[in-house]
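Structure assessment
In case you want the letters, here they are:
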Amino acid sequence: MKVAVVGATGLVGNVMLEVLAERNFPVTELIPVASEKSVGKTITFKGKDYKVVGMTQAISLKPDVALFSAGGDTSKEWAPKFAQVGTVVVDNSSAWRMDPTKKLVIPEINADVLTPEDKIIANPNCSTIQMLVALSPLRKYGIKRIVVSTYQSITGTGVKAVNQLENEYKGIQGEMAYHYPIHRNAIPHCDVFEENGYTKEEMKLVRETKKIFGDDSIRVTATAVRIPVVGGHSESINVEFEQEYDLSEVRKLLSQAPGVVLQDNTDTNTYPMPIYAHGKDEVFVGRVRRDESQPKTLNLWVVADNLRKGAATNTIQIAETLIKKGILK
Ligand SMILES: NC(=O)c1ccc[n+]([C@@H]2O[C@H](COP(=O)([O-])OP(=O)(O)OC[C@H]3O[C@@H](n4cnc5c(N)ncnc54)[C@H](OP(=O)(O)O)[C@@H]3O)[C@@H](O)[C@H]2O)c1
């Protein structure tokens, strides 16, 4: 299969190449794509060198599938052009997620929505993916309301943010990805502010949850915070159900759920942390406990590598689902 990785020189693109190799995705021809400034650079995939090409050349090669992680504006402009030559695009940016004509997919949850007519498919936001993978097994209780606070890794902001943190460690003045220093700091500001005072990242958690679960009645409120962590995103989730739940059943459901690892034992100080989630594909859940201030309500701590399940792995799982369904050949 001819596979274009658009944004191959970026953080997500790099992990995408790793995950394609690890999962033995059936790549017969790799087309690494980036901006004009990277054209001609060498990318190594499975021990073989490839030259980075620009968008126009990539389209002329008519890839079967293009895995996009090159920002929203790039995707808005170029994804339809790839689709026009018959390429199926799986896009990591926020460009298409809330478009009612595009599917927003987490394979563990709603792989069934994919059809041969889908030419541009959206990968959800990293914070949304890990939250919903953890909450999906508990949907039998009826999810009424979610209150989530995120503790997000700087890798969620791309190469520029990683450089900022490294420069600050070393005391070097350099290009800033954030308005403020990130080293020894917590910045309650991920993505841009919207008119309602929430950030776009916070509103993605609200809007994408309703779309993926197919339930507009679920109430969600979020606070997203950037912290100087490299391994992955963490989330404190408070979820109120329609029905009463049994805590031991909750643990059982979580431990049996696809893509979830339950790490929850206060006797042994066992709980998820980004340093251990780094490089892994699963969503780790711990600190599972009853909210004693309110009935039918549960607290959870959820951690995942935002570059893996939050981006590259989920994208490649979508492509694998298309192969399984015979949509991609
Ligand atoms: N980081 C995460 O946790 C995460 C999670 C989910 C989704 N995403 C999304 O994935 C995308 C990339 O994120 P990232 O963290 O990998 O960013 P990044 O490290 O800054 O990489 C951006 C990539 O996009 C390429 N690019 C930029 N403008 C382009 C253009 N006009 N044409 C072709 N390629 C272009 C860059 O190429 P050059 O090197 O040539 O500039 C680079 O390969 C963003 O849309 C982001 O929202 C990120």
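The structure displayed is predicted, hence computed values, not measured ones. (Residues numbered from 1 in each chain as written. Predicted model: local features only at pLDDT ≥ 70, side-chain atom pairs only at ≥ 80, totals over all residues. Heavy atoms only, no water.)

So, about the overall build of the chain. From N to C terminus, the chain includes 10 helices and 14 strands. Relative to the 2.2 N^0.38 estimate, which gives 20 Å for 329 residues, the radius of gyration of the chain is 20 Å and therefore close to what a compact globule would have. Seen through its principal axes, the chain has C-alpha atoms that stretch 60 × 50 × 40 Å. When the 329 residues of the chain are sorted by exposure, 52% land in the buried category. Working note: accessible area of the chain is about 14800 Å², and carbon and sulfur atoms make up 50% of it. Across the chain, the 40 positively charged side chains and the 39 negatively charged ones have centroids separated by 3 Å. (Helix = DSSP H or I, 4+ residues; strand = E, 2+ residues; numbered from the N terminus. Rg over C-alpha atoms; globule rule 2.2 N^0.38 Å. Buried < 20%, exposed > 50% of the residue type's maximum accessible area, 1.4 Å probe, protein only. Areas by Shrake-Rupley, 256 points an atom, 1.4 Å probe, with all protein chains shown as cover. Lys, Arg positive; Asp, Glu negative; His and termini not counted. Charge placed at Lys NZ, Arg CZ, Asp CG, Glu CD.)

What follows is about the packing of helix 5 (residues 126–135) against helix 7 (residues 200–213). It is at 9 Å that the axes of helix 5 and helix 7 come closest, and there the two elements cross at 45°. If you check the angle between helix 5 and helix 7, you find them oblique. Viewed along their axes, helix 5 and helix 7 form a crossing whose handedness is right-handed. Facing helix 5, whose interface residues are C126, S127, T128, M131, L132 and L135, helix 7 presents E201, K204, L205, E208, T209, I212 and F213. (Axes fitted to C-alpha atoms, helices over the stretch in contact; angles between N-to-C directions. Parallel < 35°, antiparallel > 145°, perpendicular 65-115°, else oblique. Left-handed = near helix turned anticlockwise from the far one by under 90°. Contact = heavy atoms within 4.5 Å.)

Following both chains from N to C, one finds helix 1 (residues 11–22) and helix 10 (residues 308–324) inclined at 50°, their axes separated by 9 Å at the closest point. Between helix 1 and helix 10, the angle falls in the class oblique. Of the two elements, helix 1 crosses helix 10, and the hand of that crossing is right-handed. For the pair formed by helix 1 and helix 10, the contact residues are V12, V15, M16, E18, V19, L20 and E22 on the first element and R308, A311, A312, T313, T315 and I316 on the second. Considering only residue class, the contact of helix 1 with helix 10 consists of eight nonpolar, two polar and three charged. (Nonpolar A, V, L, I, M, F, W, Y, C, P; charged D, E, K, R; others polar.)

One open sheet accounts for six strands, arranged 2-1-5-6-8-7; its pairing is parallel. Unpaired on one side and paired on the other, strand 2 (29–33) and strand 7 (103–104) mark the two borders of the sheet. When strand 1 (residues 2–6) meets strand 2, the two strands line up parallel, connected through five bridges. From the neighbouring strand, V3 faces strand 2, where its bridge partner is L30. (Pairing = 2+ DSSP bridges.)

Now for the site of the ligand. Near the ligand, the surroundings consist of 26 residues, among which T9, V12, S35, K37 and S38 are the closest. A distance of 2.8 Å is found between an oxygen atom of the ligand and a backbone nitrogen or oxygen belonging to V12. A distance of 2.9 Å separates a nitrogen atom of the ligand from a polar atom in the backbone of T155. Elements that contribute at least two residues to the shell around the ligand include exactly helix 1 and helix 10. Tallied by class, the residues present in the shell around the ligand amount to 10 nonpolar, 15 polar and one charged. (Near = heavy atom within 4 Å. Polar contact = N/O pair within 3.5 Å; in protein donor to acceptor, adjacent residues only side chain to side chain.)

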